[in-house]
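Tertiary structure, described
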Amino acid sequence: MPVYKAPVEDVVFLLDDVLDIKKYNNLPGFEDVSADTISAILGEGAKLCEEVLQPLNAIGDREGCHRASDGTVTTPTGFKPAYESYRAGGWIGLPAPVEYGGLGLPAVLNSVMQEFISGANLAFGMYPGLTQGAIAALLEHGSQEQKNTFLPKMIAGEWTGTMNLTEPHCGTDLGLIRTRAAPRGDGSYSITGQKIFISAGEHDLAANIVHLVLARIEGAPAGTKGISLFVCPKYLVGPNGSLGARNALSCGKIEEKMGIHANATCVMNYEGATGYLIGEENRGLAAMFVMMNEARLAVGVQGLAMGEVAYQNAASHARERLQGRSLSGVKEADKPADPIIVHPDVRRILMTARALNEGGRALALATALQADIHRRSPDAAARQAADDRLGLMTPIVKAILTENGLQNAINSQQIFGGHGYIAEVGVEQFVRDARITLIYEGANGIQALDLVGRKLPRDGGRAMMAYLAELNGFLKAHDTDEALAPYVAPLKISAGHLQQATMWLMQNALAKPDNAGAASTDYLQLFGLVAMGHMWAQMAKAALARGEDALARNKLVTAKFFAARLLPETALRLARVSAGAGDVMAMPAEAF
Ligand SMILES: Cc1cc2nc3c(=O)[nH]c(=O)nc-3n(C[C@H](O)[C@H](O)[C@H](O)COP(=O)(O)OP(=O)(O)OC[C@H]3O[C@@H](n4cnc5c(N)ncnc54)[C@H](O)[C@@H]3O)c2cc1C
């Protein structure tokens, strides 16, 4: 059966040696953060994920969730006690404010835990993950009364959260939402409509489920400007937090699906359910975006987690499976064949997965740290710069980490040969589970459009200019450093490709938006490679400074592989970006 080991050592290297987390000790929640405290906290979290959650992964996949005729849903064997352990450990409230019962620790540590929990058991991790997203939306947009009512219970994990956007006719285009909200005159609204594909919409892990629901108030303008956000608890809540009457909402069905079987994907029916407006009328999308942005980073990390666990199992299989002899001469003469790890093509797969995983992790954590600076820094300019970077990088992290995660899962399955296709072996689950990460939280094509259409031009291109200035500053500062040349010289070429692609968009996409649409995915991939290359160069620098241990040595080997074998793809991406939309759009729709 598959195994999982949380990559604690790599995380500590990133946070301590590369990102130098100690320098943020002036931020609230960061005061006591050091390599030792990080290791201690994450060591505990890793143990829970490895020993409690991972053993339930295959069981959850096999059993799935079940809906009874009364609409109640049961999660797979072992999920309830495992959730109780996770909840009681305080992990759900790790980054949440202390005043509502959270631990107030850095969100970047939470991102690490999101990777560990997802690597151990992706479907399980979605229950607390969605709760954390709902907590973030309530914290930013909820009224004081809503915060007092819901946050302590959600932060303690006694109640979980969901996000309800999708309807049968409306996924990407939220302007089409039909769910209605009628004011009752007592401050509440009557919510009526159907939502589909609602993750963790109904289950047996928590006493209450707090649904955040997008709906249209009667008479609201058409399109996205007429959407409001409501909080609709499964059980109405009394003044002292006690559970009251059952709300008029229910799970009508759970979907049979390709993967993440242990997470209940629900059709949710709202039949005059009681809901309370969050934030302002018709400003629901902005409020929901807090949750969506949190979730986008978290989904990127889910992709990374799938790539990591698949890689770990493929690497251990490659060391054990005996097939063929090494091209450069027999390596294990006492055995009937050499282990397949001697074959360059097997190593190509493993090195690619490793380089993308470690580069992706570095980028995800660097981005998550910006969320902390944005929320916690006393310096307005630092908060602004962090918000700019977070906005720019979020679609990139979501899309490239999920694409790479799926590809790594498929390639790792390949290392198992036919055995990888057999359910009993367990690695095909990673491929099935990883697939959804490219689709939900805004399909990856939509992330690319968000980057090109919104994030690049926003505020006169301020975020992009700041990123390029930092990148070019790094390149210039290390231009003559011979030890770093194998990492910095290829990065310089790829950074040039990114600048050319950005210039091409500026010159060709404004007048012809199809050029932006046709270029968007390749541009995002190009940017993602450069951003990871930048992280790899910084990791190489930190590894060189660290001295001669195994981690530093292996980092430098992987950094060189990334620079030589993966980064050059930016040339191909640039060629595609600058090819324009002509060939993409030429075929008449009826000819497809
Ligand atoms: C397992 C699972 C869990 C989910 N969990 C939740 C949840 O908890 N809450 C929730 O609200 N939703 C959830 N979803 C819904 C999910 O977020 C949507 O499926 C997703 O946003 C895509 O919407 P859609 O399926 O309607 O596809 P569509 O919007 O029909 O899109 C189909 C394709 O067209 C592309 N496309 C659409 N519009 C454009 C455009 N303008 N330009 C370029 N390309 C475009 C998309 O990228 C996509 O590839 C879940 C879905 C699944 C399968």
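Residues numbered from 1 in each chain as written. Predicted model: local features only at pLDDT ≥ 70, side-chain atom pairs only at ≥ 80, totals over all residues. Heavy atoms only, no water.

1. Considerations on the overall build of the chain
Helix and strand counts for the chain come out as 17 helices and 11 strands. Whereas a compact globule of 592 residues would reach a radius of gyration of roughly 25 Å, the chain reaches 24 Å, a difference of no more than 12%. Taken over the C-alpha atoms alone, the chain extends approximately 80 × 60 × 60 Å along its principal axes. In the chain, buried positions account for 57% of the 592 residues. Relative to all contacts within the chain whose residues are 6 or more apart in sequence, the contacts with residues 24 or more apart total 73%. Of the roughly 24100 Å² that the chain leaves accessible, carbon and sulfur atoms contribute 55%. (Helix = DSSP H or I, 4+ residues; strand = E, 2+ residues; numbered from the N terminus. Rg over C-alpha atoms; globule rule 2.2 N^0.38 Å. Buried < 20%, exposed > 50% of the residue type's maximum accessible area, 1.4 Å probe, protein only. Contact = heavy atoms within 4.5 Å. Areas by Shrake-Rupley, 256 points an atom, 1.4 Å probe, with all protein chains shown as cover.)

2. Details of the site of the ligand
Around the ligand, the structure places 19 residues, and the nearest of them are Leu165, Thr166, Thr172, Phe197 and Ser199. Residue Phe197 places a main-chain N or O atom 2.8 Å away from a nitrogen atom belonging to the ligand. For the ligand, the accessible surface in isolation is 970 Å², of which the surrounding protein chains cover 61%. Elements represented by at least two residues in the shell around the ligand include exactly strand 3 (159-164), strand 5 (189-199) and helix 11 (444-455). For the shell around the ligand, the element with the most residues is strand 5, which contributes three residues. Along the lines of polarity and charge, the residues of the shell around the ligand split into 11 nonpolar, six polar and two charged. (Near = heavy atom within 4 Å. Polar contact = N/O pair within 3.5 Å; in protein donor to acceptor, adjacent residues only side chain to side chain. Nonpolar A, V, L, I, M, F, W, Y, C, P; charged D, E, K, R; others polar.)

3. Concerning the environment of Ala206
Turning to its location among the elements, Ala206 is positioned in the loop between strand 5 and strand 6 (208-217). By relative accessible area, which is 13% here, Ala206 ends up buried. Between the C-alpha atom of Ala206 and that of Arg87, which follows or precedes it by 119 residues, the distance is 9.9 Å. Leaving out residues up to four positions away in the same chain, Ala206 has contacts with Gly157, Glu158, Trp159 and Thr160.

4. Quick look at the pattern of salt bridges
Here the structure, examined in full by the defined rule, presents 31 salt bridges. The salt bridge involving Glu255 is made with Lys253; its shortest N-O contact spans 3.4 Å. On the basis of relative accessible area, Lys253 is assigned to the partly exposed category, the value being 44%. Notably, a salt bridge pairs Arg361 with Glu308, separated by 3.0 Å at the nearest N-O pair. (Salt bridge = Lys/Arg side-chain N within 4 Å of Asp/Glu carboxyl O.)

5. As for unusual backbone geometry
One non-glycine residue, Ala200, adopts positive backbone phi at about 60 degrees. With respect to the helices and strands, the residue Ala200 is situated in the loop between strand 5 and strand 6. Despite not being glycine, Asp459 has its phi angle at roughly 50 degrees, a positive value. Mapped onto the secondary structure, Asp459 falls in helix 12 (residues 458-477).

6. Some thoughts on the packing of aromatic side chains
One pass over the structure, following the stated rule, counts nine aromatic pairs. Geometrically, the ring pair formed by Tyr86 and Phe124 is edge-to-face, given 6.1 Å between the ring centres and 80 degrees between the ring planes. With Tyr86 in helix 4 (residues 79-88) and Phe124 in helix 5 (residues 107-141), this pair connects stretches of sequence that are 38 residues apart. For the pair Tyr86 and Phe124, one class covers both residues: buried. (Phe/Tyr/Trp six-rings, centres within 6.5 Å; stacked < 30°, edge-to-face > 60°.)

So far we have only geometry, and geometry alone does not tell us how the molecule works.
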